[in-house]
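# Secondary and tertiary structure notes
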Amino acid sequence: MPTPLKLASRLDPILPSITLAVTAKAARLKAEGIDVISFGAGEPDFDTPDHIKEAARKGLDRGVAKYTDVAGLLPLRKAIATELSRVHHTAIAPEEVLVSCGAKHSLYNLFIALLDPGDEVIIPAPYWVSYPDMVRLAGGHPVIVETSAADDFAVRADVVASAVTPRTRAIVLNTPSNPTGAVYSRTQIEALAKIALERDLLVISDDIYRSLVYGDAQYVSIAALGPEMAKRTVLIDGVSKTYAMTGWRIGYTAGPPAIIKAMNKIQGQSTSNASHIAQVATLAALTGPQECVETMRRAFDERRLEMLSLLRAIPGVTCREPKGAFYCFPDFSAFVGKRTPEGSILDDDVQLCDWLVEVGKVAVVPGSGFGAPGHVRLSYACGMPQIREGVARLAQSVARLS
Ligand code: PMP
Ligand code: GLU
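Quick look at the structure, then. Throughout, residues of each chain are indexed from 1 in the direction in which the sequence is written. As they are written, the chains are lettered A onward and the ligands numbered 1 onward, keeping that order. For this predicted model, a pLDDT threshold of at least 70 governs which residues receive local features, and a threshold of 80 or more governs which side-chain atom pairs are given and counted, while totals over whole chains, interfaces and linings are taken from all residues. Side-chain metrics in this entry use all non-hydrogen atoms of the structure; hydrogen atoms and water are not considered.

## Here's the deal with the sheet that holds strand β5 (residues 168-174)
Only strands joined by at least two bridges in the DSSP assignment are considered to pair. By definition, any uninterrupted DSSP run of H or I lasting at least four residues is a helix, any uninterrupted run of E lasting at least two residues is a strand, and each is numbered from the N terminus. Ordered in space as β2-β8-β7-β6-β5-β3-β4, the 7 strands form an open sheet in which the pairing is mixed. Only two strands of the sheet have a single partner each, and these edge strands are β2 (97-100) and β4 (141-145). Averaged over all neighbouring strand pairs, the angle between strand axes comes to 20°, with direction disregarded. Axes here refer to lines fitted to C-alpha atoms; in helices the fit is confined to the stretch in contact. Angles between the N-to-C directions go from 0 to 180 degrees.

Written as structure tokens, this is what we have:
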């Protein structure tokens, strides 16, 4: 007999988001007065640009506080359709766009709309923490495929091909990648597209970091490779990272009308529309001046190079150069299994990260949460002084392990 407090068994395999957990732990320690430097949150430290905030203020004054269409305000969907048509070189109509409460919500709606029990979704590791659990929550089965640092963490097409089964529904592509910062090259994207066409796969292209690429790296759109690819690609995008708007909670999906319609039905029976005032702010972000995007991108680029060189200077650490997003993903496996000065053994990267925050006063996210044990993730979306002090703390801490 189930007790009144019994929870649904679909939750059994689901873990809390480790990125949010690490961020919350660092915030808790700080609130207790402990001086912790957090590289946890994948969240720009910049304030939302003034013209976006001003649009929201003006909106409030004219009574923008009502329900909107479930799919989002039409002018906003038009602006999103225009922007995505430009980026992906394919005609996208406002009816093919759904605005949700963050790209995370877009992805969640999508998996609920797509998956029958046991349907498989191919997810290249290292992956953003939430993909496998969202697939599981939707009743699907995440099929994790490996990448290697030698391939700059881009999944190889032959590896994808060998993971395809009759139950495969889709593959998740995240370029630039969270957590590795990898940016897929045109050749790599073309090879993936070939497999998607041959094996009749849907591609879920999580483009949340597409505006944050550095050096000679370029975002390459898989949907832009031709009409056949455009028809089988679902674009996930949003304003959180590009416009420093994480807390406004606006993300969007563009894709095949049948899928958008199904997601709309789910959203209409769960959250309804995304916040009206945040939609107004997003319209200002997409249609207003774009210099703020470049200013923030340049600042991230400087921080990226600084963090990378400081990390590489730590004996025992190796780190590929991240080409996009705002994360470094160094290999810390040299410190797993080591003994702390307090006498405990750090059996895995989770224990290592726990010790680093408790004793070293620096918060980083364990790689095992991203399917890459032995690595840790650091966000460089924070100020230069924090980067210097935080990485110095890391260096001093690991030097004390034996
Ligand atoms: N995809 C990736 C890869 C991310 O890192 C994030 C970060 N939160 C999201 C999607 C979701 O972003 P949001 O819900 O803030 O739009
Ligand atoms: N996506 C960001 C991160 O990976 C924010 C936290 C989250 O939603 O997971 O840190």
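The structure having been displayed, the exposition proceeds.
## Let's talk about the site of ligand 1
One heavy atom suffices: a residue is near a molecule or strand as soon as one of its heavy atoms comes within 4 Å of it. Close contacts around ligand 1 come from 13 residues, with A103, N178, D206, Y209 and S240 the closest. What qualifies as a polar contact is a pair of N or O atoms within 3.5 Å, subject to a donor-acceptor requirement within protein and to the restriction that residues adjacent in sequence count only when both atoms come from side chains. K241 is positioned such that a nitrogen or oxygen atom in its side chain is 3.1 Å from a nitrogen atom of ligand 1. Within the side chain of R249, one N or O atom sits 2.7 Å away from an oxygen atom of ligand 1. Only the protein chains shown count as cover for residues, with accessible areas throughout obtained via the Shrake-Rupley method and a probe of 1.4 Å. Within the complex, 93% of the 390 Å² of free accessible area of ligand 1 lies under protein. Tallied by class, residues from the shell around ligand 1 come to 5 nonpolar, 4 polar and 4 charged. Note on residue classes: Ala, Val, Leu, Ile, Met, Phe, Trp, Tyr, Cys and Pro are nonpolar, Asp, Glu, Lys and Arg are charged, and everything else, Gly too, is polar.

## Some words on the site of ligand 2
Lining the immediate environment of ligand 2, one finds S17, T19, L20, G42, K104, W128, N178, K241, Y327 and R377. K241 is positioned with one of its side-chain polar atoms (N or O) 3.4 Å from a nitrogen atom of ligand 2. In this structure, an oxygen atom belonging to ligand 2 sits 2.7 Å away from a side-chain N or O atom of R377. In isolation ligand 2 exposes 280 Å². Once the protein is present, 86% of that is buried.

## Quick notes on helix α12 (residues 349-358)
Three labels apply to residues, based on accessible area from a 1.4 Å probe with only protein chains included: buried if under 20% of the type maximum, exposed if over 50%, partly exposed otherwise in between. Residues D349, L352, C353, W355, L356 and V357 constitute the buried set of α12. Contacts are assigned to residue pairs that have any heavy atoms within 4.5 Å of one another. Those residues of α12 that are buried are in contact with α1 (18-31), β10 (362-363), β11 (365-366), β12 (376-379) and α13 (384-399). Sitting at the head of α12, D348 places a side-chain oxygen 3.1 Å from the backbone nitrogen of V350.

## A few points about the pattern of salt bridges
Each reported salt bridge corresponds to a side-chain nitrogen of Lys or Arg within 4 Å of a carboxyl oxygen of Asp or Glu. Applying the stated criterion to the full structure yields 26 salt bridges. Taking the shortest distance from any N to any O, the salt bridge between R400 and E342 comes out at 4.0 Å. With a gap of 58 residues between them, R400 in the segment after α13 and E342 in the loop between β9 (327-328) and α12 connect regions that are remote in the sequence.

## Quick word on the environment of D349
Structurally, the position occupied by D349 is in helix α12. Each C-alpha atom of the pair D349 and G374 lies 5.4 Å from the other, and the pair is 25 residues apart in sequence. Only 3.2 Å separates the side chain of D349 from the backbone nitrogen of G374, close enough to count as a polar contact.

## Quick look at unusual backbone geometry
Cis geometry is adopted by the peptide bond preceding P176, which originates at T175 and carries an omega value of -10°. On the secondary structure map, P176 appears in the loop between β5 and α7 (186-198). Here the phi dihedral of F153 falls at roughly 60°; this positive angle occurs in a residue that is not glycine. In this fold, F153 is placed in the loop between β4 and α6 (157-163). Overall, F153 belongs to the buried group, its relative accessible area being 11%. Positive phi outside glycine occurs at K361, with the angle close to 60°.

## Some points on the sheet that holds β11
Strands sit in the order β9-β12-β11 across an open sheet of 3 strands; the sheet is antiparallel. Taken across any chain shown, the strands that pair with only one partner, and hence form the sheet edges, are β9 and β11. Sheet topology note: the β11/β12 ladder contains 2 bridges and is antiparallel. Paired with P366 across the bridge in β12 is V376.

By themselves these figures say nothing about function.
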